[in-house]
Amino acid sequence: MPTKESTVSLNLDRSTESGGHLAEENDTATDLKMASETDLEEGMTRNESMRSRQPSMHHIKDERMSTKVGQGVKFNITFEDLSYGVYLPKQKEPKWLLKNVTGAINPKQMTALMGPSGAGKSTLLEVLAGRKQDGEIEGELLFNGKERTRAMKRWFGFVEQRDSLIATMTVRETLMYTARLRIKANGIWDKEDHADQVERVDEILDMLGLTACADVVIGDENNRGVSGGQAKRANAAMELITSPSILFLDEPTSGLDSATSLDFIRCIKDIAARGVSVICTIHQPSEEVYGLFDRLLLLVAGEVVYLGKANMAVSYFQDLGFKKAPGQNPADFLVSVTSGHKPTDGANESKTWPDVDPNYFAQEYMNSQLATDRKESTLAHRSDISGQVDTKDKKELYANGFVYNVVVLIERNWCASKRDKSFFFKRVFSIVIVATAFMLAYLMPGFDDAAIRGKQSVLMLSMIIFLFTANGQVDPTVERRNYMAREVNAGSYSVSAHFWSTVLFEVPWTFFKVLLYSLIVYFAVQLQYTFVNFIYYFLVLFILAEIGLNLMWFFSFVAATATEASMYIITIPFLFILYSGFFIQYPDIPVYWIWAYYISHVNYSMAGLLLNEFKGKF
Ligand SMILES: Nc1ncnc2c1ncn2[C@@H]1O[C@H](COP(=O)(O)OP(=O)(O)OP(=O)(O)O)[C@@H](O)[C@H]1O
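Just so we're clear, the structure is a prediction, and the values are computed from it rather than from any experiment.

Rules and cut-offs
Residues numbered from 1 in each chain as written. Predicted model: local features only at pLDDT ≥ 70, side-chain atom pairs only at ≥ 80, totals over all residues. Heavy atoms only, no water. Helix = DSSP H or I, 4+ residues; strand = E, 2+ residues; numbered from the N terminus. Buried < 20%, exposed > 50% of the residue type's maximum accessible area, 1.4 Å probe, protein only. Contact = heavy atoms within 4.5 Å. Areas by Shrake-Rupley, 256 points an atom, 1.4 Å probe, with all protein chains shown as cover. Pairing = 2+ DSSP bridges. Axes fitted to C-alpha atoms, helices over the stretch in contact; angles between N-to-C directions. Salt bridge = Lys/Arg side-chain N within 4 Å of Asp/Glu carboxyl O. Near = heavy atom within 4 Å. Polar contact = N/O pair within 3.5 Å; in protein donor to acceptor, adjacent residues only side chain to side chain. Patch = residues over 30% accessible without salt bridge, like charges linked within 9 Å, V, L, I, M, F, W, Y side chains within 5 Å. 1 Å grid on protein atoms, 1.4 Å probe; cavity = no way out; pocket = protein on both sides within 12 Å on 5 of 7 lines; lining within 4 Å. Points joined across faces, edges and corners; volume = space filled by probe spheres on them. Nonpolar A, V, L, I, M, F, W, Y, C, P; charged D, E, K, R; others polar. Parallel < 35°, antiparallel > 145°, perpendicular 65-115°, else oblique. Left-handed = near helix turned anticlockwise from the far one by under 90°. Phe/Tyr/Trp six-rings, centres within 6.5 Å; stacked < 30°, edge-to-face > 60°. Lys NZ or Arg CZ within 6 Å of the ring centre and 35° of its normal. UniProt positions renumbered as here; feature names shortened; annotations may be inferred.

Chemist: Please set out the overall build of the chain residue by residue, giving values where relevant.
Modeler: Helix and strand counts for the chain stand at 23 helices and nine strands. Across the 618 residues that make up the chain, the buried fraction comes to 54%. Counting only contacts in the chain whose residues sit at least 6 apart along the sequence, the fraction spanning at least 24 positions is 76%. Surface exposure of the chain reaches about 27,400 Å², of which carbon and sulfur atoms provide 57%.

Chemist: Residues and numbers for the environment of Arg274, please.
Modeler: Looking at where Arg274 falls in the secondary structure, it is placed in the loop between α9 (258-273) and β7 (277-281). A residue is classified by how much of its surface remains accessible, and Arg274, at 32% relative accessible area, is partly exposed. Considering only alpha carbons, one finds Arg274 and Lys108, 166 residues apart in sequence, at a separation of 6.4 Å.

Chemist: For the sheet that holds strand β5 (residues 156-159), give the residues involved together with the corresponding values.
Modeler: Pairing in this open sheet of six strands is mixed, and the strands run β5-β6-β7-β3-β8-β9 from one edge to the other. This sheet does not close on itself; its edge strands, each paired only once, are β5 and β9 (303-309). Sheet twist, expressed as the mean angle between neighbouring strand axes with direction ignored, is 15 degrees. Taken together, the four bridges between strand β3 (residues 110-114) and β7 define a ladder with parallel strand orientation.

Chemist: How would you sum up the pattern of salt bridges? Please name residues and give values.
Modeler: Applying the stated criterion to the full structure yields 13 salt bridges. Its salt-bridge partner being Arg172, residue Asp202 comes within 3.1 Å of it at the nearest N-O pair. You can see Asp202 sitting in helix α7 (residues 191-207) and its partner Arg172 sitting in helix α6 (residues 171-182), a full 30 residues away along the chain. Exposure remark for Asp202: the relative accessible area of 36% places this residue in the partly exposed category. Residue classification places Arg172 among the partly exposed positions, given a relative accessible area of 27%. The structure contains a network of salt bridges with shared partners spanning Arg172, Asp202 and Asp215.

Chemist: Which residues make up the environment of Val289, and what are the values?
Modeler: In this fold, Val289 is placed in helix α10 (residues 287-291). Residue contacts for Val289: discarding those within four places in its chain leaves Ser261, Leu262, Ile265 and Ile282.

Chemist: Describe in detail the site of the ligand, supporting the description with residues and values.
Modeler: Within the structure, the ligand sits among 14 residues, and Ser117, Lys121, Ser122, Thr123 and His283 are positioned closest to it. At 3.0 Å from an oxygen atom of the ligand is found a main-chain nitrogen or oxygen belonging to Gly120. Lys121 places a polar side-chain atom, nitrogen or oxygen, 2.8 Å from an oxygen atom of the ligand. Protein burial of the ligand: of its 640 Å² of free accessible surface, 62% is covered by the chains. Of all the secondary-structure elements, those providing two or more residues to the shell around the ligand are β2 (95-105) and α5 (121-128). Looking at the shell around the ligand, the element that brings in the most residues is α5, giving three residues.

Chemist: Any chance you could break down the pairing of β5 for me, citing the residues and the numbers?
Modeler: The side-chain alternation of β5 yields two buried faces, one formed by Phe156 and Phe158 and the other by Gly157 and Val159. As judged from the four bridges shared by β5 and strand β6 (residues 246-250), these two strands associate in the parallel manner. Opposite Phe158, over in β6, you have Phe248 as the bridge partner.

Chemist: So what's going on with a nonpolar patch on the surface? Residues and values would help.
Modeler: A cluster of nonpolar side chains, contributed by Phe402, Val403, Phe499, Trp500 and Leu504, occupies part of the molecular surface with about 490 Å² of accessible area. Mapping Phe499 onto the fold places it in helix α19 (residues 495-524).

Chemist: Kindly report on the layout of surface pockets, identifying the contributing residues and their values.
Modeler: The calculated volume of the largest pocket comes to roughly 950 Å³. The wall of the largest pocket is formed by 32 residues, among which Leu165, Ala167, Gly219, Asp220 and Glu479 lie closest to the centre. When contributions to the lining of the largest pocket are tallied by element, the ones reaching two or more residues are α8 (228-240), α16 (421-441) and α18 (474-489). No other element matches α18, which puts six residues into the lining of the largest pocket. Considered class by class, the residues forming the lining of the largest pocket number ten nonpolar, ten polar and twelve charged. In this structure, the second largest pocket spans a volume of roughly 280 Å³. Lining the second largest pocket are 20 residues, and of these Thr338, Gly340, Val356, Pro358 and Phe361 sit closest to its centre. Secondary-structure elements contributing two or more residues to the lining of the second largest pocket are β9, α12 (330-339) and α13 (360-366). Of the residues forming the lining of the second largest pocket, the biggest block, three residues, is contributed by α12. Tallied by class, the residues present in the lining of the second largest pocket amount to eleven nonpolar, four polar and five charged.

Chemist: Lay out the packing of α16 against α19 in plain terms, naming residues and giving numbers.
Modeler: One way to put it is that α16 packs onto α19 with a least axis distance of 9 Å and a crossing angle of 15 degrees. Judged by the inter-axis angle, α16 sits roughly parallel to α19. For α16 against α19, the interelement crossing comes out right-handed. Of the residues in α19, those touching α16 at Phe423, Phe424, Lys426, Arg427, Val428, Ile431, Val432, Val434, Ala435, Thr436, Phe438 and Met439 are Phe505, Glu506, Trp509, Phe512, Lys513, Leu516, Tyr517, Ile520, Val521 and Ala524. Looking at side-chain class alone, the contact of α16 with α19 contains 17 nonpolar, one polar and four charged residues.

Chemist: A description of empty space enclosed by the protein should follow, citing residues and the corresponding values.
Modeler: A full pass over the atoms with the stated rule returns four cavities of 30 Å³ or more. What the largest cavity holds in volume is close to 360 Å³. In terms of lining, the largest cavity is formed by 23 residues, of which the most central are Asn413, Pro476, Thr477, Arg480 and Thr502. Every element with two or more residues in the lining of the largest cavity is listed here: α15 (402-417), α16, α18, α19 and α20 (531-558). Residues that form the lining of the largest cavity fall into these classes: ten nonpolar, seven polar and six charged.

Chemist: Give a detailed account of the side chain of Thr477, specifying residues and quantitative values.
Modeler: With respect to the helices and strands, the residue Thr477 is situated in helix α18. Among residues more than four places away in sequence, those in contact with Thr477 are Met552, Trp553, Ser556 and Phe557.

Chemist: Please set out the packing of aromatic side chains residue by residue, giving values where relevant.
Modeler: For any pair of aromatic rings, geometry is given as the distance between the ring centres together with the angle between the planes. Under the definition given, this model contains 35 aromatic pairs. Between the aromatic rings of Phe143 and Phe156, the centroid separation amounts to 5.1 Å while the plane-to-plane angle is 25 degrees, which identifies the pairing as stacked. Note that Phe143 is positioned in strand β4 (residues 136-143) and Phe156 in strand β5, a separation of 13 residues in sequence. Residues Phe143 and Phe156 agree in their burial class; the two are buried. A connected cluster of aromatic rings, assembled from ring pairs, spans Tyr306, Tyr316, Phe317, Phe322, Tyr360 and Phe361. Against the face of Phe158 rests Arg131, its NZ or CZ located 3.9 Å from the ring centre.

Chemist: Tell me about the UniProt feature "transmembrane region" (unreviewed entry) in the chain, and name the residues and values.
Modeler: UniProt marks residues 428-447, 459-478, 499-522, 534-555, 567-586 and 592-611 with the feature "transmembrane region" (unreviewed entry), using the numbering shown here. Note that residues 459-478 is 75% helix and 0% strand, and that its end C-alpha atoms are spaced 31 Å apart. Regarding residues 499-522, the helix share stands at 100% and the strand share at 0%, and the terminal C-alpha atoms are separated by 32 Å.

Laid out in structure tokens, this is it:
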């Protein structure tokens, strides 16, 4: 069990490729020391040497923003006795999902994070990337020897297992908007920025073999778009736009066939070769895919059972007495051995595998020379550069300002919406159909009993329509929230920028929709023919429509699924309608529901509309 105090700390080191400070294979402490002492031999003090390598965070940021993939800041991640636990209900002690994990991830290397299902691979990836907000973290986690700051997020690229892309946008549009949001810009429509963004997008399209499908829409199950493999690459491409120094990938090949997986991992290998630290969880890679990884971190039940060169892993376990069958996939062999599952499909050697305790491999690794070397290497790297760079969090967490982000997000909303066939139907045509139906049903001039009843019904039904009219947008809103969460997590923009861009994008459409409806219904049903009465009627419906829209957004964000959101969106306004005093008169409302009458916005809106229409008429 973890014993160390919580000292999660990260660090930032800048090392250029020419400086050679971060060697390709930092396997031993000796290698690291030798590399860092190059400058010292040239007559610099250690502090001078470090300062020359590590400019301020601001300097680094500017430099990074103008560099291509792999040419910016280099990161070494070191973690020592890193543990992560969650509190289960009614438990005082945390359940430890990661236990005393020690290791390092270096630039120019591609590390595979493997292990049986439930071993803690995704958990480790998220802890390293700083994505675990809950639970308890113990041990030490350093980025070039310094504590992680929130501002560092922008140097990280995290490719989630599930592709979250906007179906109606093309691959190029997706990347262009990502570039606009994540790269520091001079202005919203600055020409130089645009040229730089185009250049970067072209570079990444080329790097990931997406140029041929750059102008194809992503698509979904209903609309044909790019292939599954291309979507995966587009998903990863979004994370490369900012030239990340560390690329985390969570099972990027899941759902891909073996040829496409190989193709994809080759692209990632090329990216690592440019100087990026790559760590990637992967399930059952083929022998060829496995062969592309430089290092392997094998986890079992939250503990490291192997961390070292990927091509040495099989012999490490063979030396422990576990023989690999000829032709057996090395990744399958490693997972079978460490998970205690002896394969039955002709791997005769597995029958002779020793029966071992579940903790055997973790213990064996802890006592191995590999672990001793690894620990020394981790410690050496951390102490070499700790305390030399500015790790203070910067005030600005996002590449660009709030207004810039809101404007770009509005533009992107339009770009994504214009190809959505249902967009105009939901916002314009559906309301024309409803208004026409009203017009035909309630042509009732005058103020006789039937006309009064008809007008009252029209007023109430108009309100009901605008309370529920936004419900058709639940599905796309729930879908987009994953996309938003991804971008907010990546530090592209704030939740409030997303909220205001959505509000501002929808306000003109709501205005237009309510105006269209009002113009048709108000005059057809012959409500009060004065400008002031008409404006009053229009404004009440507009406010109700905005409330309906906001309720839809709220429930679409808090509900687990679109179905659950729809249930809330129907139930809650329904209660406000039921106890508005229209269908059940105030004296007849059950006393335990009277609160609903007082908080019902439908009640106040209906009272306003009735006064607007009938005041002074009787
Ligand atoms: N919030 C949580 N509360 C309790 N247990 C959790 C929580 N999150 C994860 N776990 C457990 O921690 C273990 C590790 O989960 P994780 O998703 O990291 O495994 P994994 O190795 O990525 O698995 P897979 O390969 O199946 O995706 C699992 O047993 C999981 O059930």
